[in-house]
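# Summary of structural features
For reference, the chains in residue letters:
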Amino acid sequence: MNNRNLVYKWLFLIGAPAIALAVVGTTYFVLQYSFSHLDAQATPIYLEEQLDGLNSVVWMAVAEKRIDPQTVYEYNGFKGQLEPVLNESYEPLFGEELSGRISRQLSVYINTTDEMYRFISEGQFENARIVGVERADPLFNELVKAFHESIKSHRQTAKHETSVAFAGESAATIVSIALVTLLFWLFERQRRAADVSEAEKKNLEESEERFRSVAGSATDAVISIDSGDKITFWNPAAASIFGYSAAEAQGQKTSLIIPERYRKAHREGLRRVIETEETKIIGRTIEVVGLRKDWSELPLEMSLSKWDSRKGAFFTAIMRDITERKQADAKIEDQRVKLVARTQELS
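Heads up: these notes are all about the structure in this document.

How each quantity is defined
Residues numbered from 1 in each chain as written. Predicted model: local features only at pLDDT ≥ 70, side-chain atom pairs only at ≥ 80, totals over all residues. Heavy atoms only, no water. Helix = DSSP H or I, 4+ residues; strand = E, 2+ residues; numbered from the N terminus. Buried < 20%, exposed > 50% of the residue type's maximum accessible area, 1.4 Å probe, protein only. Contact = heavy atoms within 4.5 Å. Areas by Shrake-Rupley, 256 points an atom, 1.4 Å probe, with all protein chains shown as cover. Salt bridge = Lys/Arg side-chain N within 4 Å of Asp/Glu carboxyl O. Polar contact = N/O pair within 3.5 Å; in protein donor to acceptor, adjacent residues only side chain to side chain. Expected span 1.5 Å × (residues − 1). Arc of directions from axis to C-beta. Pairing = 2+ DSSP bridges. Axes fitted to C-alpha atoms, helices over the stretch in contact; angles between N-to-C directions. Core = buried A, V, L, I, M, F, W, Y, C linked by side-chain atoms within 4.5 Å.

## Examining the overall build of the protein
Each helix and strand counted, the protein has 12 helices and five strands in total. Residues classed as buried in the protein amount to 40% of the 347 residues present. Expressed as a percentage of contacts within the protein between residues at least 6 apart in sequence, the contacts between residues at least 24 apart total 61%. For the protein, the exposed area adds up to about 19,200 Å²; of that, 55% sits on carbon and sulfur atoms.

Written as structure tokens, this is what we have:
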């Protein structure tokens, strides 16, 4: 084995897995951090619900001009859920400034509702109403605003960290396609030689084995097709994503994994690339829709490369299932819409 082949060997056997592990590890920890912020939203949302419940119980008692056992039970229950905020440190959740403000305002608010409760018990309903309008309601609105600030802050942080993680995924896809394309090029360059020696044949076999090893262990689907749109290579990840084994997929048209409504555009695009070399997607990362064996569709991120051999033009696509990413985006958007609606209700 010459020095150049030795460099290739160590590059692919050590460099590629190291890069892949670093990117995957970073993406995992950033996503975990992002999801922790999404989970952190649950506490201020829960506290707001208890605050709203306490406020509703007191004003219902003012409206009905009486306090029955059910009112006492509900009042003490909501109050009991809020009082720990006064005794526990919520700085990691709300931040030092916001935590201090919430604790002070909540303490005053609970004392104010206690005063309203006492006036109702003594039959002084007008005094209870005045205290509620002039003191309790402004405090209630300030507390709701503070909880919304916390929710918004966690949501923005989660969205930012998720974007960072997805940028890492895109970088991993670009590195993967570069490595796979280079391996294909090395393999085909050696295979084109008609009078290769035994040593060259051995290098060719090693190059092909390295490609199959890298592609076979990849978590992304690696699929190659010829100029006739027939599948010539299908790695295990492709089988996992689409549901077809390599034996079922190889030799089939790519319409096997393309929804009906996109097949015509795919055929025209392939013909244009082969006949005119004109292309808009090779070398770029785009989003497409795939078709599984069970006829269900899934969103994919795809990078496409083209390479030539004595047998004609070939294309290799690296595809990643981005279903979880789309679901995370939808969850963030749904929570944003709910927050906007809630804010408008309070305005």
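## Here we look at the pattern of salt bridges
Summed over all chains, the structure comprises 16 salt bridges. Asp220 is paired through a salt bridge with Arg320; the nearest N and O atoms lie 2.9 Å apart. Here Arg320 lies in strand β5 (residues 312-321) and Asp220 lies in the loop between α8 (198-217) and β1 (221-226), a separation of 100 residues in the sequence. Among the salt bridges present, the one from Glu275 reaches Arg271, with a minimum N-O distance of 3.5 Å. With Glu275 and Arg271 both in helix α11 (residues 260-276), this residue pair falls four residues apart, about one helical turn. Glu275 gets classed as exposed once you look at its relative accessible area, which sits at 58%. A relative accessible area of 45% means that Arg271 is categorised as partly exposed.

## Thoughts on the side chain of Thr113
Note that Thr113 resides in helix α6 (residues 96-121). At a separation of 2.8 Å, a polar atom in the side chain of Thr113 contacts the main-chain carbonyl oxygen of Ile110. Not counting residues up to four positions away in its chain, the partners in contact with Thr113 are Leu54, Val58 and Tyr75.

## Quick look at helix α3 (residues 69-82)
For α3, which comprises 14 residues, the first-to-last C-alpha distance of 20 Å matches the rise-based estimate of 20 Å (1.5 Å per residue) to within 8%. Every buried residue of α3 is accounted for by Thr71, Tyr75, Lys79 and Leu82. Relative to the axis of α3, the buried residues are bounded by an arc of 55° and lie together on one face. Residues of α3 that are exposed and point over 90 degrees away from its buried face: Pro69 and Tyr73.

## Examining the sheet that holds strand β4 (residues 297-309)
The five strands are arranged β2-β1-β5-β4-β3 in an open sheet whose pairing can be described as antiparallel. Both outer strands of the open sheet, β2 (231-234) and β3 (285-291), are each paired with one neighbouring strand and no more. The average undirected angle you get between the axes of adjacent strands in this sheet is 35°. The pairing of β1 with β5 spans six bridges and is antiparallel.

## Here's the deal with the nonpolar core
Ranked by internal contacts, the top residues of the largest apolar core, which has 25 residues, are Leu51, Leu82, Leu106, Tyr109, Met116 and Leu143. Where this core is concerned, the elements lending two or more residues are α2 (42-64), α3, α6 and α7 (125-191). In terms of residue count, the dominant contributor to this core is α7 (nine residues). The residues contacting Leu82, other than those within four sequence positions of it, are Leu47, Gln50, Leu51, Leu54, Leu106 and Ile110. Counting residues in hydrophobic clusters, the runner-up holds 24 residues, among them Leu298, Met302, Phe315 and Met319.

## Quick notes on the environment of Leu339
Inspection of the secondary structure assignment puts Leu339 in helix α12 (residues 323-346). Exposure remark for Leu339: the relative accessible area of 16% places this residue in the buried category.

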